[in-house]
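Summary of the model geometry
In case you want the letters, here they are:
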Amino acid sequence: MSLLSLPVSTLGTPRIGPRRELKAALESYWAGKSSAEALLESAAALRASNWARQKSLGVTNIPSNDFSLYDHVLDTSVMVGAIPKIYGWSGGLVPLEIYFAMARGTQANNRETACAHGGHGKNEEHGLPALEMTKWFDTNYHYMVPEFTADQEFMLASTKPVDEYREAKALGHRTRPVLLGPVTYLKLGKAKDPAFSPLSLLGRLLPVYAEVLRRLAANGADWVQIDEPCLVQDLDEATRQALREAYGLFARALPKLKLMLTTYFGGLGDNLGTALELPVAGLHLDLARAPEQLASVLAKAPRGLVLSLGVIDGRNVWRANLPALLKKLEPVVARRGADHIEIAPSCSLLHVPIDIALETDLDADLREWLAFAAQKMGELSVLGRALVNGQEAVIQQLADSAVAAGHRQASDKVHSEAVVARLAAIAPAMTRRASPFAERARRQHALLRLPAFPTTTIGSFPQTSAVRKVRADHDKGVLGDAEYETFLLKETEAAIRWQENIGLDVLVHGEFERNDMVQYFGEQLSGFAFTRHAWVQSYGSRYVRPPILFGDVSRPAPMTVGWWRHAQSLTAKPVKGMLTGPVTILNWSFVRDDIPRAEVCRQIALAIRDEVLDLEQAGAMMIQIDEAALREGLPLRKTDWKIYLDWAVESFRLASSGVADETQVHTHMCYSEFNDIIDAIAAMDADVISIETSRSKMELLDVFRTYKYPNEIGPGVYDIHSPRVPEVREMIELLTLARERLADSQLWINPDCGLKTRKWEEVRPALINMVAAARALRAAGAQTAE
């Protein structure tokens, strides 16, 4: 007979399947190899497996509607009928074709084109663009940005939350449905007309939410989890009033339905009063990111409010010290009562891998220190039983947890005296270039002699099925080192020749030897470990295996110099050295939690600095140090920004500033808003920065109307996250918008991001069009870059 337990929740679980089953199903459907019915059957099987796994691990509040074919924010847009007119939706339930058109865009004459469901006007001839995409708060998960207009109407256009609740119920699971809160949803969106605020649409939106809640209640749901992570951000009074309006309406319309208001990624801070006055039955707190908030909540929370305590870190992979947690939780349960406390991860487990049991090749010590989603559920179950039945009920599990924590703290695999000493020797001069940008630019232009609007790419080229197969064969030992290297050298040469043929000005070697822009470097640095099956969703069917950064970092040997030297030997045009920056390596890894992140970042910066200097010594005139995740790591509260930006910028400069004036340093940043951190971006002092701007139609450059950015910039003109090929005309239109904000002498022309995930049949015409756009601008009389 199983022991009684404190209620245990998960808030949400990974969608992708232990063996990436969702990726296979999606990509088979997109390629036309399987039907919509087959895709939906695969999705249903994954949901059933997720529910069964949670039940078997002792989870009592199992979520439903946490699954998504692509993105939960997109699911919400579809649920409420927020479908931009270009997608041709004419009412009724939104079909898969339109859903995926919003997610990925379409190419003309492609099976994904939603033309069967309505006309698209002038866009239909060349396919449809995807919705804009950006980062979900401070994570590496991307969401599809809702688009709103002043005349926006909402209507129920998807019954997914109700359907999946009924689906779980039929399988014997009484779930707690999950909805993205209406206020957070509106704040995540973008108004096409900047003259109005999306929050002004709340009154039109709430009836749709109320109808969904009514249908859930009618089908037996007694609790619904509503996520409002905006509550951990800086909020104005209009947003606080919107929260009061929304939850007041829900309480009046459905007085018997219990709502668990869920916050995560930080503390409530000055929003605590607002959260506590809302008429909800429960409140979830992120106590991994903000443990200090618990005391205030306990002091002020109404007696009848159920508190969900997010005590297990849902953003990282380290095993919890259960005895230490139990010591903190026992007085809380004694004070509030077991019937008013739940325990949970800090946030949805979407952000961690599924099961450490799949990782049979990991170092035994490291494996002992880790907990993935399944293990975190187990940890919660142990805590839940101990808090009701006493420690004796789970004495062995608590002992094992304490032993693992002690082993990790004392391990010589974690600590290096040499790294600590080098860190202590960092001097301010190591974070400054020798000369200001104007002098560096003069020397670089004289040496490089590039045309106006120089063209380049961000770094990677398509990793075709042939490349992936050869890499897999090499990993399995089927293909020897010599044969593998020969293959990669040939791929590199073909890429160089093709770039020369189409007329790109600055070339890249294509990165065919790299499995991932962070993993590739981590595998060659000390202090990192890697997995085989620990996939985490980044967006859609794009998954990553973040490195596990468990110890002090150093670079034993050069990592990229040989590949760069080979590529440069094939051409007279400049080839960029390609590196990933320290902040991005940090933010896209599961980072050790025993020392400050700033200290870890400086360790990585010193390792990258060694590689930069070796590339320069080998003859590289351009070195790109990508900081795709700089904005992603920005704290959600503005009062915390300066501390983060100071050490992040310092780390980039530490990595990049050792080179001579003549060496041109590039960096790249991905889908993020930059206007509010433009001073920090300028302080990085990269000679050239490339950023995403195509989906936002150059809106990210608006800051340059008033801020006189001194260095050079490549605003992306090709959205690489969509399969569609942009026309020359589209690129020229985007560049025309860029030229309204920046001087011609500052502008480079490049795609939004690396091309690794695209197909050559998309990349070739897109880059040919990009070169044609640059040539058209030059022919129109642009001045040669000084």
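Before going into details, it helps to say that this report is about the structure given with it. (Residues numbered from 1 in each chain as written. Predicted model: local features only at pLDDT ≥ 70, side-chain atom pairs only at ≥ 80, totals over all residues. Heavy atoms only, no water.)

**Some words on the overall build of the chain**
Looking only at helices and strands, the chain features 26 helices and 21 strands. For 786 residues, the compact-globule estimate of 2.2 N^0.38 gives 28 Å, and the chain sits close to it at 26 Å. Its C-alpha atoms put the chain at 75 × 65 × 50 Å along the principal axes. Across the 786 residues that make up the chain, the buried fraction comes to 61%. Across the chain, the centroid of the 87 positively charged side chains sits 2 Å from that of the 96 negatively charged ones. (Helix = DSSP H or I, 4+ residues; strand = E, 2+ residues; numbered from the N terminus. Rg over C-alpha atoms; globule rule 2.2 N^0.38 Å. Buried < 20%, exposed > 50% of the residue type's maximum accessible area, 1.4 Å probe, protein only. Lys, Arg positive; Asp, Glu negative; His and termini not counted. Charge placed at Lys NZ, Arg CZ, Asp CG, Glu CD.)

**Considerations on the side chain of T239**
Following the sequence through the fold, T239 ends up in helix α8 (residues 237-253). Under the relative-accessibility criterion, T239 is labelled buried at 0%. Within the local environment of T239, its side chain forms a polar contact with the side chain of K187, the two groups lying 3.2 Å apart. Ignoring anything within four residues of it in the chain, the contact list for T239 reads V183, K187 and L199. (Polar contact = N/O pair within 3.5 Å; in protein donor to acceptor, adjacent residues only side chain to side chain. Contact = heavy atoms within 4.5 Å.)

**A word on the nonpolar core**
When a protein is soluble and globular, its nonpolar side chains tend to lie buried together. The biggest cluster of nonpolar side chains holds 111 residues, and the ones touching the most others in it are W136, Y185, Y247 and L309. Among the elements that make up this core, the one with the highest residue count is helix α7 (residues 202-218) (eight residues). The contact partners of Y247, leaving out residues within four places of it in the chain, are G181, P182, I226, E228, L259, L261, L278, P279 and V280. Core analysis: the second largest hydrophobic core is formed by 108 residues, M559, W588, A607 and L645 among them. (Core = buried A, V, L, I, M, F, W, Y, C linked by side-chain atoms within 4.5 Å.)

**Some remarks on the sheet that holds strand β5 (residues 176-180)**
If you walk across this open sheet you meet the seven strands as β1-β5-β7-β8-β9-β10-β11, and the pairing is parallel. Of all the strands in the sheet, the pair left with one neighbour each is β1 (63-64) and β11 (341-345). Bridging between β5 and strand β7 (residues 223-227) involves three bridges; their strand directions are parallel. Among the inter-strand pairings, L179 is bridged to a residue of β7, identified as I226. (Pairing = 2+ DSSP bridges.)

**A few points about the packing of α7 against α8**
In the contact formed by α7 and α8, the axes pass within 10 Å of each other and the chain directions differ by 35°. Every pair of crossing elements has a handedness; the one defined by α7 and α8 is right-handed. Contacts between α7 and α8 involve L202, G203, L206, Y209, A210 and L213 on the former and, on the latter, A242, E245, A246, L249 and F250. Residue composition of the contact of α7 with α8, grouped by class: nine nonpolar, one polar and one charged. (Axes fitted to C-alpha atoms, helices over the stretch in contact; angles between N-to-C directions. Left-handed = near helix turned anticlockwise from the far one by under 90°. Nonpolar A, V, L, I, M, F, W, Y, C, P; charged D, E, K, R; others polar.)

**Thoughts on the environment of P279**
Residue placement: P279 occurs in the loop between α9 (272-277) and β9 (282-286). For P279, a relative accessible area of 43% corresponds to the partly exposed category. P279 sits 32 residues away from Y247 along the chain, and the two C-alpha atoms are 6.3 Å apart. Apart from residues no more than four positions distant in its own chain, P279 is found in contact with Y247, G248 and A251.

**What about helix α2 (residues 36-56)?**
Taking 1.5 Å of rise per residue, the 21 residues of α2 would be expected to cover 30 Å, and the 30 Å separating its terminal C-alpha atoms lies within 8% of that figure. Here α2 has its buried residues at L39, A43, L46, R47, N50, W51, R53 and Q54. Viewed along the axis of α2, the buried residues span an arc of 160°, placing them on a single side of the element. Turned more than 90 degrees away from the buried face of α2, the exposed residues are E37, E41, K55 and S56. Buried positions along α2 lie against α1 (21-30), β1, α4 (96-104), α5 (160-170) and α13 (373-389). With its phi angle positive at about 95°, G58 sits one or two positions after the end of α2. (Expected span 1.5 Å × (residues − 1). Arc of directions from axis to C-beta.)

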